[in-house]
Amino acid sequence: MDFNVKKLASGAGLFFTRAVQFTGEKLGQAEKTELDAHFENLLIRADCTKNWTEKIYRQSEVLLQPNPSARIEEFLYEKLDRKAPSRITNAELLGQYMQDAGKEFDLGTPYGSTLMKVGECEKRLGAAEREFLQTSAISFHTPLRNFLEGDWRTISKERRLLENLRLDLDACKARLKKAKAAEAKAAMAPDFQETRPRNYVLSVSASALWSEEVEKAEHELRVAQTEFDRQAEITRLLLEGISSTHVNHLRCLHEFVEAQAAYYKQCHLHMQELQNELSRVPNAFALNSSHSMVTAGSQAEGASSPAETDTLKIEEVQPPATGTRKAKVLYDYDAADSSELSLLADELITVYTVPGMDSDWLIGERGNQKGKVPVTYLELLS
């Protein structure tokens, strides 16, 4: 019990001494030991690294998991040292709903079959997203968190210890300075003609006492300086390790970019496949529109016979004298029938339009080959 009380009293006295020194420095009434310029630059660089790493970490967390409730749930599971349950992505959930709706609407209808195809694509997109999130969390997000929760905490702890030892050092310097001033004052030549010998004896005793205080203060200063120098070297080594942190984070950044590029490339391929697949499905809207126009024309003419429609004969179509343009093919396209022209990505063809043709299609020519081509697969050139 006595030991604990003494330790507590010693700690309280040390805290009070540091508080007095710190307050004196803030008021400009006490001297402060300044660190060298290189050390100060290391501190600034470390603080800058911590601040920006923390911002990047927080925003990447939002990118990988936009739902705040889900982030809190994952945080709680992590603190409880339990594995968080796997969560279905929004794209996968949308794809499942689309497929369920397609089954409900009958797969034999254009709408139902298209829902099934789009739903399957959405599921593949969701799976790619989950893989990207897992890869990014391991290769990019976790290393940033490890730095903030590991290396930076160690650096901060050593910096606080260095600051405390610096306050102790400056307090020792202040005590030594005060002791030397008192010693010099007490060592002033006494008046040997003094009629009171007792005062002379007291003066000599005070001088000897202050000499002991000076020796004690000098010893404490040497100890404080040694501890401060040792701690400064430890802190310097940790701060110089920030360069290795930058190299590590650079590698993680490259891995994050590669994961993101692979994710978007995979999504692009899935969407291209879906787009090509849907282009071969008959457009129910176009069929209904054509049927309605034919029916309306028959009723207007009062004809009792079935409606007659003119079929566009590609071999009879002639290019106009003016109005032809060059176009670059964006994607591969397989012709659905003999009236269409198959396309290969990146090739150049000549295109033009003819009266009465659907605005979603053009006539394309490649050498002696001719046929209808979809506008969405082309990039028109000047």
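Analysis parameters
Residues numbered from 1 in each chain as written. Predicted model: local features only at pLDDT ≥ 70, side-chain atom pairs only at ≥ 80, totals over all residues. Heavy atoms only, no water. UniProt positions renumbered as here; feature names shortened; annotations may be inferred. Helix = DSSP H or I, 4+ residues; strand = E, 2+ residues; numbered from the N terminus. Axes fitted to C-alpha atoms, helices over the stretch in contact; angles between N-to-C directions. Parallel < 35°, antiparallel > 145°, perpendicular 65-115°, else oblique. Left-handed = near helix turned anticlockwise from the far one by under 90°. Contact = heavy atoms within 4.5 Å. Nonpolar A, V, L, I, M, F, W, Y, C, P; charged D, E, K, R; others polar. pLDDT = per-residue confidence, 0-100. Disulfide = S-S within 2.5 Å. Salt bridge = Lys/Arg side-chain N within 4 Å of Asp/Glu carboxyl O. Pairing = 2+ DSSP bridges.

As annotated in an unreviewed UniProt entry, the protein chain carries the name Endophilin-B1 and comes from Betta splendens. Reading the Sequence similarities (unreviewed entry) entry of the UniProt record for the protein chain gives the comment "Belongs to the endophilin family." Within the UniProt record for the protein chain, the comment given under Subunit (unreviewed entry) is "Homodimer, and heterodimer with SH3GLB1."

Let us look at the UniProt feature "coiled-coil region" (unreviewed entry) in the protein chain. Under the feature "coiled-coil region" (unreviewed entry), the UniProt entry names residues 155-182 and 207-234. End-to-end, the C-alpha atoms of residues 155-182 are 41 Å apart, and along that stretch the chain is 100% helix and 0% strand.

A word on the packing of helix α2 (residues 37-64) against helix α7 (residues 242-279). The geometry of α2 relative to α7 is characterised by a closest axis approach of 12 Å and an angle of 25° between their N-to-C directions. Taken together, the axes of α2 and α7 are roughly parallel relative to one another. By crossing handedness, the relation of α2 to α7 is classed as left-handed. Packed against α2, whose contacting residues are R45, A46, T49, T53 and L63, the element α7 presents I242, S243, H246, H249 and F256 at the interface. Classifying every residue of the contact of α2 with α7 gives four nonpolar, five polar and one charged.

On to the confidence of the model for the protein chain. For any part of a model where pLDDT is low, the fine detail of the predicted coordinates should not be relied upon. Averaged over all residues, the pLDDT of the protein chain is 80; the fraction at 70 or higher stands at 77%. Ignoring residues within four places in sequence, the model shows residues 293-310, a span with pLDDT below 50, making four contacts including any to other chains.

Moving on, we come to the state of the cysteines. Enumeration according to the criterion identifies zero disulfides in this entry. C267 provides the cysteine sulfur closest to C121, a residue in no disulfide bond, and the two sulfurs are 8.6 Å apart.

What follows deals with the pattern of salt bridges. Close approach of charged atoms allows side chains of opposite charge to pair. A complete count under the given rule lists 13 salt bridges for this structure. Note that R175 is salt-bridged to E220, the shortest N-O span being 3.4 Å. One end of the pair, R175, is in helix α5 (residues 110-186); the other, E220, is in helix α6 (residues 197-240), and 45 residues separate them in sequence.

A few words on the sheet that holds strand β4 (residues 369-374). Here we have five strands laid out as an open sheet, ordered β4-β3-β2-β1-β5, and antiparallel in their pairing. Edge positions in the sheet fall to β4 and β5 (378-380), since each has one partner strand and no second. If you compare each strand with its neighbour and ignore which way they point, the axes differ by 40° on average. Where strand β3 (residues 361-366) lies against β4, six bridges are found, and the strand directions are antiparallel. Across the sheet, residue G364 finds its bridge partner in β4, namely G371.

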